[in-house]
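Single-letter residue listing:
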Amino acid sequence: MSEKLKIAGIVLAGGESSRMGQDKAMLSLDQHTLLVHAFTLLKQAGIGQCFVSGDYPNFPCIVDQYAGLGPLAGIAACVEQLSADYDALFIIPVDMPLLAEQDCTELIDRYLAQPQAAGLYYKEAIFPLILTLNRALKTYLTNIMQTPHKKYRSLYRLFETLGIEGVSANETDKVRFENTNTPEQWQDCLTTYSRLSQAKPTE
């Protein structure tokens, strides 16, 4: 990672997990919670300083300033707190447990090759997502958090407004971008995780 660019890692874990029926961040995968799994993944991808968007003991957390307004509220709180000390945020959700280190490092490398980019994401999934911490982003998020219209609090609208372009992932990688929002999706995730783990080459 570029020594000239300070990127903070963010795990989005402030959702209500209403469709899952329990806190997704506390689900167990390979004897670790999904929160630990995601936080560790950011570290493995070379991001030195990482935070959790949510409220969990034993983690450096940034709590939403606007409750119940979705992932943009978590991102807005992180931007507000970290923009003075970092150049960009690398953001992953806690409910994407199949995401691999290579998915993260590839996006970071592509971002570093575009020094003027406002951000970068995978078209297939939205996350992982990199956002450049600049005045345009702060102004947009400040304004959007105050609107009563839910349709405006869309990540795609943010991408369109700020000119953030998506890049395509390899076809074989797309299975790793699946979210886990329901008990059924969680069971499918566990099955796929087991299959992918078994397919990894032995050292």
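Look a little higher up for the structure.
Quantities reported herein were computed from a predicted structural model and do not represent experimental measurements. (Residues numbered from 1 in each chain as written. Predicted model: local features only at pLDDT ≥ 70, side-chain atom pairs only at ≥ 80, totals over all residues. Heavy atoms only, no water.)

A. View of the overall build of the protein. Counting secondary structure elements, the protein contains six helices and nine strands. Relative to a compact globule of 203 residues, whose C-alpha radius of gyration would be 17 Å, the protein shows 16 Å and is just as compact. With respect to the three principal axes, the spread of C-alpha positions in the protein is 45 × 40 × 30 Å. By the burial criterion, 47% of the 203 residues in the protein qualify as buried. When contacts within the protein are restricted to residue pairs at least 6 apart in sequence, long-range pairs at least 24 apart make up 68% of them. (Helix = DSSP H or I, 4+ residues; strand = E, 2+ residues; numbered from the N terminus. Rg over C-alpha atoms; globule rule 2.2 N^0.38 Å. Buried < 20%, exposed > 50% of the residue type's maximum accessible area, 1.4 Å probe, protein only. Contact = heavy atoms within 4.5 Å.)

B. Quick peek at the sheet that holds strand β5 (residues 61–62). Pairing is mixed in the open sheet, where seven strands are placed in the order β5-β4-β1-β6-β8-β7-β9. The open sheet has two edge strands, β5 and β9 (165–167), and neither has a second partner. Relative to β9, strand β7 (residues 119–122) is paired through three bridges, and the arrangement is parallel. Note on β9: the bridge partner recorded for Leu120 is Glu165. Against the sheet, helix α2 (residues 71–82) touches β1 (7–12), β4 (49–53), β5, β6 (88–93) and β8 (129–132), its axis set at about 150° to β1. Across the face of the sheet, helix α3 (residues 101–112) comes into contact with β6, β7, β8 and β9 while running at roughly 145° to β7. (Pairing = 2+ DSSP bridges. Axes fitted to C-alpha atoms, helices over the stretch in contact; angles between N-to-C directions.)

C. Region of interest: the packing of helix α4 (residues 135–144) against helix α5 (residues 155–162). At their nearest, the axes of α4 and α5 sit 11 Å apart, and the two run at 140° to each other. One element, α4, and the other, α5, form an angle in the oblique class. Seen from above, α4 lies across α5 with right-handed handedness. The residues of α5 that touch α4, namely those facing Ala136, Leu137, Tyr140 and Leu141, are Arg157, Leu158, Thr161 and Leu162. Among the residues forming the contact of α4 with α5, the class breakdown is six nonpolar, one polar and one charged. (Parallel < 35°, antiparallel > 145°, perpendicular 65-115°, else oblique. Left-handed = near helix turned anticlockwise from the far one by under 90°. Nonpolar A, V, L, I, M, F, W, Y, C, P; charged D, E, K, R; others polar.)

D. Representation of the pattern of salt bridges in the model. Following the criterion strictly, the structure yields three salt bridges and no others. The closest approach of N and O atoms between Asp95 and Lys24, which form a salt bridge, is 2.8 Å. Taken as a pair, Asp95 in the loop between β6 and α3 and Lys24 in the loop between β1 and β2 (28–29) lie far apart in primary sequence, 71 residues in all. Since its relative accessible area comes to 13%, Lys24 is described here as buried. Arg110 is the salt-bridge partner of Glu106, the closest N and O atoms lying 2.6 Å from each other. (Salt bridge = Lys/Arg side-chain N within 4 Å of Asp/Glu carboxyl O.)

E. A look at the packing of aromatic side chains. Within the structure shown, the criterion is met by five aromatic pairs. Look at Phe39 and Phe59: their rings are 5.3 Å apart centre to centre, the planes differ by 75°, and that puts the pair in the edge-to-face class. Of this pair, Phe39 sits in helix α1 (residues 34–44) while Phe59 sits in the loop between β4 and β5, placing them 20 residues apart in sequence. Aromatic ring contacts, followed pair by pair, group Tyr121, Tyr156 and Phe159 into a single cluster. One residue, Lys6, lies across the ring of Tyr86, its end atom 5.1 Å from the ring centre. (Phe/Tyr/Trp six-rings, centres within 6.5 Å; stacked < 30°, edge-to-face > 60°. Lys NZ or Arg CZ within 6 Å of the ring centre and 35° of its normal.)

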